[in-house]
Amino acid sequence: MRIIKLDAIDSTNRFLKALSAQESCENFTVVSTESQTEGKGQRGSGWVSGAGNNLTFSVLYNQRVEGITSLFTLNIIIALSIVEALKTVSNLNFVIKWPNDILAENKKIGGILIENTFKNSSEVQSIIGIGLNVNQSQFENLPQASSLFLLENKIFDRETMLISIVNQLEYNLKQLPILGETHFWNAYHQILFKKDVVSAFESVAGNRFVGKIQEVTQEGKLAVLLEDDSIQFFDVKEVKMLY
């Protein structure tokens, strides 16, 4: 794989998108940085990462449109690949919180932000932004955040971890035509945070309610069984889980 290392940048996603527009970049080209000043998370929130302690990188992946039945399948394969790579260096309990946060021992240690662009009628370009809290020791005003260092009390080799994650992602994407999407969806649902557990939620309007997560749909929506036994479907910006 080609890895471009930067000391500091506003956004690795933005840098990789501009680079791919200027030159032909092969799949799994990686841009990583020690410090990112304008990192973004889900719902347009910022992603704050301690300089020199964590993994902040973006990966390029181009795919043919005819091979896609659900763009969200890419999300789940990325999240699974991160968890699988982490399990090779840690015995922590890793789960995926919808839509694609990585939790360890119920603490948020990572997030994914994918930007898809249709390059033409037959190809989609995905810029995959990944932030992972590796060796950071303090998180101010972020009670749900943690790092591998805080949970394991040891320093991790970030470069080895990055290569492991990208290699696992490449392997899984190559296995996709062989194993089929259902294989990865089943694996995703097996480690989906709070699946089939009574949980508290808050709607975008501020209304709180309880329900059980049933599944994530092919469109990436969260299916929640409510107290009246009805199932309601929520998009990413429509609800958040309280935990």
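Since the model is a prediction, treat every value here as computed from it, not as a measurement.

Glancing now at the pattern of salt bridges. Going through the model one piece at a time under the given rule, you end up with 10 salt bridges. Across the salt bridge formed by E23 and R2, the nearest N and O atoms sit 3.1 Å from each other. Of the two residues, E23 is situated in the loop between α1 (12-22) and β2 (30-36) and R2 in the segment before β1 (3-9); the sequence distance between them amounts to 21 residues. K174 is the salt-bridge partner of E170, the closest N and O atoms lying 3.1 Å from each other. Of the two residues, E170 and K174 are both situated in helix α4 (residues 158-179); the distance of 4 residues between them amounts to about one turn of the helix. The exposed category is assigned to K174, whose relative accessible area is 54%. Salt bridges here are not isolated pairs; linked through shared partners, they connect E202, R208 and K240.

Let us now look at the sheet that holds strand β8 (residues 198-203). Reading across from one edge, β11-β10-β9-β8-β12 is the order of the 5 strands in this open sheet, with antiparallel pairing throughout. Edge positions in the sheet fall to β11 (231-234) and β12 (239-242), since each has one partner strand and no second. Shown here is a sheet whose adjacent strand axes are inclined to one another by a mean of 50 degrees, direction ignored. In the sheet, strand β9 (residues 208-216) pairs with strand β10 (residues 222-226) via 5 bridges, with the strands oriented antiparallel. If you follow K212 over to β10, its bridge partner there is L225.

A word on α1. Here α1 has its buried residues at T12, N13, L16, L19 and S20. Taken end-on, α1 shows its buried residues confined to a sector of 130 degrees, consistent with a single buried face. Turned more than 90 degrees away from the buried face of α1, the exposed residues are A21 and Q22. Next to the buried residues of α1 lie β1, β2, β3 (55-64), β6 (107-120) and β7 (123-132). In this structure S11 caps α1, since a side-chain oxygen of it lies 3.3 Å from the backbone nitrogen of N13.

In spatial order, the strands read β1-β2-β3-β7-β6-β5-β4; together these 7 strands make up an open sheet with mixed pairing. Of all the strands in the sheet, the pair left with one neighbour each is β1 and β4 (94-97). Here the strands of the sheet are splayed against their neighbours by 20 degrees on average, with no regard to which way each runs.

Close contact between α4 and helix α5 (residues 181-190) brings their axes to 7 Å; oriented N to C, the two are set at 115 degrees. Contacts between α4 and α5 involve N172, Q175, L176 and L179 from the former and E181, H183 and F184 from the latter. Per-class residue counts for the contact of α4 with α5 are 3 nonpolar, 3 polar and 1 charged.

Two elements in contact, helix α2 (residues 72-87) and α4, have axes separated by 8 Å at closest approach and are oriented at 135 degrees. Classified by the angle between their axes, α2 and α4 sit oblique to one another. Both α2 and α4 take part in a crossing whose hand is right-handed. The residues of α4 that touch α2, namely those facing T73, L74, I77, I78, S81, I82, E84, A85 and L86, are M161, S164, I165, Q168, L169, N172, L173 and L176. Here the contact of α2 with α4 is composed, by residue class, of 11 nonpolar, 5 polar and 1 charged.

Rules used in this analysis
- Counting of residues starts from 1 at the beginning of each chain's written sequence and follows it residue by residue.
- Owing to the predicted nature of the model, reporting of local features is limited to residues with pLDDT of at least 70; listing and counting of side-chain atom pairs is limited to 80 or more, with chain, interface and lining totals taken over all residues.
- Hydrogens and water are ignored here; the side-chain numbers use all heavy atoms of the structure.
- When a carboxyl oxygen of Asp or Glu is within 4 Å of a side-chain nitrogen of Lys or Arg, the pair counts as a salt bridge.
- Strands here mean DSSP runs of E at least two residues long; helices mean DSSP runs of H or I at least four residues long; both are numbered from the N terminus.
- Accessible area is worked out with a 1.4 Å probe on protein chains only. A residue is then buried under 20% of its type maximum, exposed over 50%, and partly exposed in between.
- In this scheme, strands are said to pair when DSSP sees at least two bridges between them.
- Axes here mean lines fitted to C-alpha atoms, for a helix over just the part in contact, with angles spanning 0 to 180 degrees between N-to-C directions.
- What the arc describes is the spread of directions from the helix axis to the C-beta atoms.
- By the convention used here, residues are in contact when the closest approach between their heavy atoms is within 4.5 Å.
- We call two N or O atoms a polar contact when they sit within 3.5 Å, provided that within protein one can donate a hydrogen and the other can accept it, with sequence-adjacent residues counted only if both atoms are side-chain atoms.
- All residues other than Ala, Val, Leu, Ile, Met, Phe, Trp, Tyr, Cys, Pro, Asp, Glu, Lys and Arg, Gly among them, are scored as polar; the first ten of these are nonpolar and the last four charged.
- Orientation categories follow fixed angle ranges, with anything under 35 degrees roughly parallel, anything over 145 roughly antiparallel, 65 to 115 roughly perpendicular, and all other angles oblique.
- The sense of a crossing depends on the near helix, which, turned anticlockwise from the far helix by less than a right angle, makes the crossing left-handed and, turned clockwise, makes it right-handed.

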